[in-house]
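# An overview of the molecular structure
Here's the letter readout for the chains.
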Amino acid sequence: MINRTSQPLRAWFICSDLLLTLLAWMGAYYLRFSSGLLPVFKDTPDVALCLRNLPLVAVFGLIAFRVAGQYEVHRLRRFREEMIAVLKGVTLLALMVMAITFFRHDPYESRLTMLLFWAVTCWSILVVRRVTWSAVRKLRQRGFNHSNTLIVGTGRVARKTARALRSASWMGLKNIGFVDDQPSRFVSDLRILGTISELPELVEKRKIEHVFIALPMRRFGDARRVFDVLSRNLVEVRYIADVPDLAGLSLTTSNLDGLPVIGLRESPHFGLNVIVKRAMDIALSLLALLILSPVMAVLALIVKLSSPGPTFYRQERCGLNGKPFAMLKFRTMPVDAEKYTGPVWASKDDPRPTRLGAFLRKTSLDELPQFINVLKGDMSLVGPRPERPVFIHKFSKTIPNYMARHCVKAGITGWAQVHGWRGNTSLRKRVQFDLYYITHWNPWLDIRILWMTLWSGIIHRNAY
């Protein structure tokens, strides 16, 4: 089967990637000039021109795929990380081929053919890798290609690590037991094999290939001792960070002049991601305003006639970087609703909304004017719901990581809202879901949330 260093699997990927790239190069020529599927307005280049570039494509492919990290094969790598590496590698290959073609004034030059080559190469490599990993994972789930592991520690983090390894059986990591110098009295259900000083003998005797250090941060000295004890053993050692207060945030690692740097709070909303999200907001909010304008006009008229006061209610909320803005809503309460109570949250049996206002709040129709906020750039379609400054000042003192919600634009709907955490519900849960959204954002997640909002997030028992 596949050994610990995954050399056979890496060799398989190198060979399959190279073969698929060369086939895609020839396949792009066939699709463009010989299949009849696409119109040809110029003279068809001789197939010999295509074939003579095969060695160049092969060499550039090996270089580009290596640089992009396509052959970093290990058990903990996610398929989405591999997909990104493949897209980077094939894109770099296509750019290199186009550059050398332009430099040499090669007569075989076709932008559409190059686009087809890029698409076919990406698709074929990803399909083969998906099938390969599916086969490997099924074999691992049936007991093949297992790698023995030890967990250093017997506390909460160690137990969570053991449960994670059992649930992720596709990784093929089999926990043999636990090692600890200071086991607590509540470890009768754990298989403790020895102490930290006995690790080298256990590694050799049990054929251990992976050691997970799952100790609390107050025992960092013991974690360092594990590294020292295993310095002469060929075993992979990984540290499980004990950061329960950072739930919902993703940890990233980088290097600063040789120093390892761990990022505890980083958002994917930067660079091109910001442009993509803003483009989605503009396009979809414009579409929503065009479709819903008759409904909004009728609601505006009814609000105006149903009670004295303005049609729209402008309330100060905080969005990106805590910057205040005026959030628009259809007015659902009398003008002086907070005259005697001051700023308060709406409750389930709140007597303040008008009869029409209660209906608008229950159906979330009062939120429709916020598409204007999205178009102006104050808000996004999807994101954490904006809150009033007076409440933010209070919550930031009592809810851990509450201010992290403001590293992105506030949204009309969000990951917390579509899971029912809206209205007078748990703030801690809401923050947890908001932070998950921030650190896991991608355009498909936004589309998923919008779809969930249409089907289950508009009328909700916690909307009042």
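See the structure shown above.
The written sequence of each chain sets the order in which its residues are numbered from 1. Local features are withheld for residues below a pLDDT of 70 in this predicted model, meaning they are given only at 70 or higher, and side-chain atom pairs are given and counted only at 80 or more; totals for whole chains, interfaces and linings count all residues. By convention in this description, side-chain values take in all heavy atoms of the structure and omit both hydrogens and water.

### With respect to the pattern of salt bridges
A side-chain nitrogen of Lys or Arg and a carboxyl oxygen of Asp or Glu constitute a salt bridge if their distance falls within 4 Å. Following the criterion strictly, the structure yields 13 salt bridges and no others. Residue Lys329 is joined to Glu367 by a salt bridge in which the shortest nitrogen-to-oxygen separation is 3.9 Å. Here Glu367 lies in the loop between helix H10 (355-362) and helix H11 (370-376) and Lys329 lies in strand S9 (residues 324-330), a separation of 38 residues in the sequence. The same class applies to Lys329 and to Glu367, which are both buried. Each member of the salt-bridge network shares a partner with another, and the members are Lys329, Asp366, Glu367 and Arg385. Each helix is a run of H or I in the DSSP string that is no shorter than four residues. Each strand is a run of E no shorter than two, and both are numbered from the N terminus. Burial classes: relative accessible area under 20% of the type maximum marks a residue as buried, over 50% as exposed, and values in between as partly exposed (1.4 Å probe, protein chains only).

### Let's talk about the sheet that holds strand S1 (residues 147-152)
Here, any two strands with at least 2 DSSP bridges between them count as paired. The sheet built from five strands is open, its strands ordered S3-S2-S1-S4-S5 with parallel pairing. The open sheet has two edge strands, strand S3 (192-194) and strand S5 (236-239), and neither has a second partner. Strand-to-strand twist across the sheet, computed as the mean angle between neighbouring axes with direction ignored, equals 35 degrees. With six bridges joining them, S1 and strand S2 (residues 173-179) adopt parallel strand pairing. Within the sheet, the bridge partner assigned to Leu150 lies in S2 and is Gly177. Helix axes are fitted to C-alpha atoms over the stretch in contact, other axes to C-alpha atoms as well, and angles between N-to-C directions run from 0 to 180 degrees.

### Examining the nonpolar core
Phe330, Phe371, Trp415, Tyr437 and Ile449 are the most contacted members of the largest nonpolar core, which totals 38 residues. Grouped together as the second largest cluster of nonpolar side chains are 32 residues, Ala64, Ala94, Leu116 and Cys122 included. We call a set of buried Ala, Val, Leu, Ile, Met, Phe, Trp, Tyr and Cys residues a nonpolar core when their side-chain atoms join them within 4.5 Å.

### What about helix H9 (residues 272-306)?
Because an α-helix packs 3.6 residues into every turn, residues spaced three or four apart end up facing the same way. The largest bend along H9 measures about 60 degrees and falls at Leu292, with the proline Pro294 one to four residues further on. Within the sequence span of H9, burial applies to Lys277, Met280, Asp281, Ser285, Ala288, Leu289, Met296, Leu299, Ala300 and Val303. By definition, a residue's bend is the angle between the axes fitted to the seven residues ending there and the seven starting there.

### What about a nonpolar patch on the surface?
Here the term patch refers to residues with relative accessible area over 30% and no salt bridge, with like charges joined within 9 Å and nonpolar side chains (Val, Leu, Ile, Met, Phe, Trp, Tyr) within 5 Å. Exposure was quantified through the Shrake-Rupley algorithm and a 1.4 Å probe, taking into account, for residues, occlusion by the shown protein chains and nothing else. Together, Leu19, Leu23, Met26, Val47 and Leu51 make up an exposed nonpolar region whose accessible area comes to about 410 Å². Broken down by secondary-structure element, the contributors of at least two residues to the nonpolar patch are helix H1 (7-34) and helix H2 (47-51). Considering each element in turn, the nonpolar patch owes the most residues, three residues, to H1. Of note, Met26 is situated in helix H1. Judged by relative accessible area, Met26 falls into the partly exposed class, the value being 32%.

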